[in-house]
There are 2 protein chains.
Amino acid sequence: MAKQRVSLASGTSRGVVLDLIRAQGPISRVALAEATGLTQATMSTVVRQLMTEGLVIESGRGESTGGKPPVMLDVNPSSRFAVGVQLGRESITYVAINLAGAIVGRTRTLGIGTTEPQEMIARLASEVDSMLVGLGIEKASVVGVGVVSPGPLDLARGVILHSPHLSAWLDVPVREMLSNAVRLPVILDNDATAAALGDFWGGKLDARAHATVYMGSGIGAGVLIDGIVFRGASSNAGELGQVMIAGPDGADYPLEELANPGAIVRRARELGEDARLALGGDDEFDDFRAIAMAAVRGDGGASALIQESAERLATAVLTLANLFDLDSISLAGPAFAIAGPTYVRTVLRRLERDFFVRTQHAVRVRLSTDVTDAAAVGGAALVLQTELAPRTMGLS
Amino acid sequence: MAKQRVSLASGTSRGVVLDLIRAQGPISRVALAEATGLTQATMSTVVRQLMTEGLVIESGRGESTGGKPPVMLDVNPSSRFAVGVQLGRESITYVAINLAGAIVGRTRTLGIGTTEPQEMIARLASEVDSMLVGLGIEKASVVGVGVVSPGPLDLARGVILHSPHLSAWLDVPVREMLSNAVRLPVILDNDATAAALGDFWGGKLDARAHATVYMGSGIGAGVLIDGIVFRGASSNAGELGQVMIAGPDGADYPLEELANPGAIVRRARELGEDARLALGGDDEFDDFRAIAMAAVRGDGGASALIQESAERLATAVLTLANLFDLDSISLAGPAFAIAGPTYVRTVLRRLERDFFVRTQHAVRVRLSTDVTDAAAVGGAALVLQTELAPRTMGLS
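Residues numbered from 1 in each chain as written. Chains lettered and ligands numbered in written order. Predicted model: local features only at pLDDT ≥ 70, side-chain atom pairs only at ≥ 80, totals over all residues.

1. Examining the packing of helix α8 (residues 261-270) of chain A against helix α9 (residues 284-296) of chain A
Residues and elements named next belong to chain A.
Part 1: It is the contact of α8 with α9, at a shortest axis distance of 9 Å, that shows an interaxial angle of 70°. By the angle between their axes, α8 is roughly perpendicular relative to α9. Packed against α8, whose contacting residues are P261, G262, I264, V265 and A268, the element α9 presents E284, F285, D287, F288 and I291 at the interface. (Axes fitted to C-alpha atoms, helices over the stretch in contact; angles between N-to-C directions. Helix = DSSP H or I, 4+ residues; strand = E, 2+ residues; numbered from the N terminus. Parallel < 35°, antiparallel > 145°, perpendicular 65-115°, else oblique. Contact = placed C-beta atoms within 7 Å.)

2. What to know about the confidence of the model for chain A
Residue and element names in this part refer to chain A.
Part 1: Summarising the model, chain A shows a mean pLDDT of 89, and 94% of its residues fall at 70 or more.
Part 2: Low pLDDT, under 50, characterises residues 1-11; the stretch is placed with 12 contacts to residues that sit more than four places away or in other chains.
Part 3: Across residues 392-396, confidence stays below pLDDT 50; counting only partners more than four residues off in sequence or on other chains, it has 21 contacts.
Part 4: Both scores are available for the predicted complex, with the pTM at 0.88 and the ipTM at 0.87. (pLDDT = per-residue confidence, 0-100.)

3. So, the nonpolar core
Part 1: In this structure, I291, L320 and A380 of chain A together with I291, L320 and A380 of chain B are the most contacted members of the largest nonpolar core, which totals 249 residues.
Part 2: With residues up to four places along the chain from it excluded, the contact list for I291 of chain A reads I264, V265, A268, L277, A302, L305 and I306 of chain A. (Core = buried A, V, L, I, M, F, W, Y, C linked by C-beta atoms within 7 Å. Buried ≥ 20, exposed ≤ 12 C-beta atoms within 10 Å, placed from the backbone.)

4. Remarks on the interface of chain B and chain A
Part 1: The interface of chain B with chain A comprises 44 residues on the first partner and 43 residues on the second.
Part 2: For the side of chain B that touches chain A, the secondary-structure elements that each account for two or more residues are α1 (8-24), β14 (244-246) and α10 (300-324) of chain B.
Part 3: The greatest single-element share of the side of chain B that touches chain A, amounting to seven residues, is contributed by α10 of chain B.
Part 4: Considered class by class, the residues forming the side of chain B that touches chain A number 22 nonpolar, 14 polar and eight charged. (Nonpolar A, V, L, I, M, F, W, Y, C, P; charged D, E, K, R; others polar.)

5. Some words on helix α5 (residues 174-182) of chain B
Spacing of three or four residues puts side chains on the same side of an α-helix, whose turn is 3.6 residues.
All names here are of chain B.
Part 1: Buried within α5 are the following residues: V174, R175, L178, S179 and V182. Relative to the axis of α5, the buried residues are bounded by an arc of 120° and lie together on one face.
Part 2: Tucked into the core, α5 has its buried residues touching α4 (117-135), β7 (142-149), β9 (159-160) and β10 (186-190).
Part 3: One or two positions beyond α5, positive phi appears at R183, with a value near 55°. (Arc of directions from axis to C-beta.)

6. A word on α8 of chain A
Residue and element names in this part refer to chain A.
Part 1: Those residues of α8 that sit buried are P261, A263, I264, V265 and A268.
Part 2: Elements in contact with the buried residues of α8: α7 (255-259), α9 and α10 (300-324).
Part 3: Phi for G272, located one or two positions after α8, is positive at around 70°.

7. Let's talk about unusual backbone geometry
Residues and elements named next belong to chain A.
Part 1: Going from G25 to P26, the amide bond is cis rather than trans, its omega being 0°.
Part 2: Mapped onto the secondary structure, P26 falls in the loop between α1 (8-24) and β1 (27-28).
Part 3: Within the chain, D171 stands out as a residue other than glycine whose phi angle is a positive 65°.
Part 4: Looking at the secondary structure, you find D171 in the loop between β9 (159-160) and α5 (174-182).

8. A look at the relation of the copies chain B and chain A
Part 1: You can overlay chain B on chain A at an RMSD of 0.0 Å; the transform is a turn of 180° with a shift of 0.0 Å along its axis. These values place the two chain copies in the arrangement generated by a two-fold rotation axis. Taking C-alpha positions as reference, the residue of chain B nearest the rotation axis is G250 of chain B, located at 1.7 Å.
Part 2: Of the interface residues in chain B, 98% have counterparts in chain A that sit at the interface too, so the contact is made through matching surfaces. (Least-squares fit on C-alpha atoms with pLDDT ≥ 70 in both.)

9. A word on the sheet that holds β1 of chain A
Residues and elements named next belong to chain A.
Part 1: If you trace the three strands from one edge of the open sheet to the other, you get β1-β3-β2, paired in antiparallel fashion. Bordering the open sheet on either side are β1 and β2 (56-61), each of which pairs with just one other strand.
Part 2: Bridge analysis of β1 against strand β3 (residues 71-75) gives two bridges, and the strand direction is antiparallel. In the strand pairing of β3, I27 is matched with L73. (Pairing = 2+ DSSP bridges.)

Right, here's the structure in full:
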């Protein structure tokens with residue numbers, strides 16, 4: 001991906017200013033200087049540069065506080081766009097967002113299935129191009145493409161390290177191949193991390209320590225501290241699916257083996273519920289959806305299955321909240337699309353009862369605004385943040 | 001505590017420079033400018049200020065790289081001191097460190113027991129004074145006192161929120177009372193957090209994401225990202241004792257209820273091992289020490305008890321490592337003083353087998369240099385860092 005970065009110091013003030021205008025605009029230069037602690041002179045230089053690049057515009061005059069009403073600044077939403085791509089075995093989701101973070105386009109196509117990486121990369125590139133053409137977005141205004149995938153990644157090399165559903169893709173240089181094919185900078189990141197950033201970027205999240213719990217085929221979490229992604233030593237923090245909790249035999253198991261969609265479907269089969277719930281057996285995720293639908297309709301057996309998975313998730317989320325001292329949690333990912341409210345209720349109840357410093361502060365729990373496509377939206381937001389407003393904590 | 005802070009921007013460069021000189025000195029101005037990215041002019045100003053304050057000295061000339069050999073800078077170790085106080089029911093540990101992080105004094109006195117806060121605060125202040133007099137340290141050169149305590153704290157108010165062993169102290173304004181009594185700035189912080197910082201400050205820790213697992217009567221963890229304490233929403237992150245793991249009946253329990261010294265002693269009693277292991281029953285921690293000693297001597301029953309606790313700790317540490325993507329862990333606290341190597345071995349074996357991104361990087365596991373007093377040393381280090389080299393991540 002493009003390495004034309006301004007120096008760290010100026011990159012940082014530029015990023016902070018752009019991010020503030022995006023989040024709080026319309027805003028005056030004086031208010032910006034106050035909020036950032038930068039001098040008026042530095043602020044003028046930064047704003048001038050952002051206006052020259054077309055990212056920021058003057059959007060009229062604000063209210064007078066005595067003297068002349070100040071000129072207000074806002075981002076120019078259509079000046080830049082970013083594309084997010086959510087890789088999945090069954091479907092690929094494409095999202096385009098503008099500089100203000102608003103979704104301007106969304107498509108869904110057939111998933112990876114058993115397509116070979118080489119062929120798939122070509123298809124991804126052509127589908128990104130088609131979407132941009134369809135939306136009338138010029139490629140020159142696209143900052144980049146954020147591809148999100150489950151599983152641990154090697155961010156530096158841009159490869160997927162481990163994924164039970166994408167085994168042909170391991171160690172394939174996805175980022176580089178796609179960047180060459182689509183002729184845009186490409187970022188590869190984890191789906192949960194991206195979803196967390198999407199929540200922050202889109203939702204004007206007001207939290208010091210936030211986690212987005214993500215459930216697709218697997219389970220992960222993205223953690224944000226003051227809006228910055230928590231990365232850890234190798235950018236593989238937040239592996240919620242690897243939290244050890246008690247299984248049915250009383251031994252410890254990774255959460256993922258007990259509570260992900262595949263585990264719920266297996267449990268339904270063990271209980272002989274598959275025929276009654278009309279589980280086809282062809283596709284695990286379809287079968288999970290059928291169970292979730294039945295639960296929502298009030299089926300007792302299906303409700304018990306979903307509730308059991310929600311209780312286990314709640315136990316692991318309690319551990320996550322106690323270790324990171326979270327004050328905000330959202331649930332995102334296709335697995336929460338149908339029975340999400342049950343999961344939210346169960347997690348919230350558990351935290352209200354057992355969160356260790358509950359006398360100090362509450363932990364808000366909610367569904368992501370864009371439950372199913374949160375990771376795709378976040379992939380696009382990640383590109384905007386990385387390319388336009390870089391901020392870092394730990395390795396990034 | 002003293003609120004005379006320089007502005008954030010200059011405070012940060014000053015702090016970064018002082019910290020670099022401390023960690024890497026003797027070091028030249030040119031090397032400092034290179035390492036920090038600051039201009040030579042800014043660097044000269046910062047260094048001049050540090051020399052005026054007596055914190056930094058010129059310590060001779062380095063090796064020539066062609067021209068004149070550069071003047072080398074180092075911290076002036078005896079220019080400033082800090083005191084760390086580790087509160088415990090059975091003992092209080094006092095440590096004095098100099099600006100270079102070296103321990104220059106250490107004493108241990110009777111613990112809090114059932115002493116009332118008011119009386120205890122007066123005793124703490126007088127014992128700090130006695131130690132300083134005994135060491136010939138002038139009070140004017142003492143930056144402050146770092147008091148560490150188990151349990152969740154309200155850092156802003158400087159009070160202990162919850163501690164089964166210090167129940168009379170809850171909501172007592174410890175920080176303010178002690179500061180008034182000892183006439184020095186006082187910081188109150190968590191024992192595990194302090195121990196982590198002590199590992200970093202003293203051990204020249206080379207880690208991106210480090211956790212110090214702390215076991216006294218309870219269990220906690222302090223997490224550092226690039227040497228900066230990870231705080232979370234209310235400075236109560238790292239509650240390792242609250243990680244849920246499978247108990248003997250197959251339900252989930254907080255680690256602390258299964259694996260802390262008290263739990264091990266209770267388990268010994270359940271198994272009827274108390275008479276054979278000569279457990280007195282008066283003091284839980286003494287009884288735990290007796291079990292650990294017996295295990296080290298090769299007693300089968302005692303070894304099994306310690307091993308069981310180590311396995312449970314290892315399960316929770318695996319969860320911690322997977323959530324924070326750690327590359328370094330140390331074990332500290334009085335509970336590791338005797339059987340520490342067994343815990344290190346068990347945790348290491350578990351991580352080598354099950355750490356999720358083990359193909360990406362290893363997780364080093366070791367005992368803290370100063371196992372028993374790590375929190376006291378860390379309390380003192382915390383004062384130096386906060387007062388002289390403030391750095392922050394999340395709330396601090």
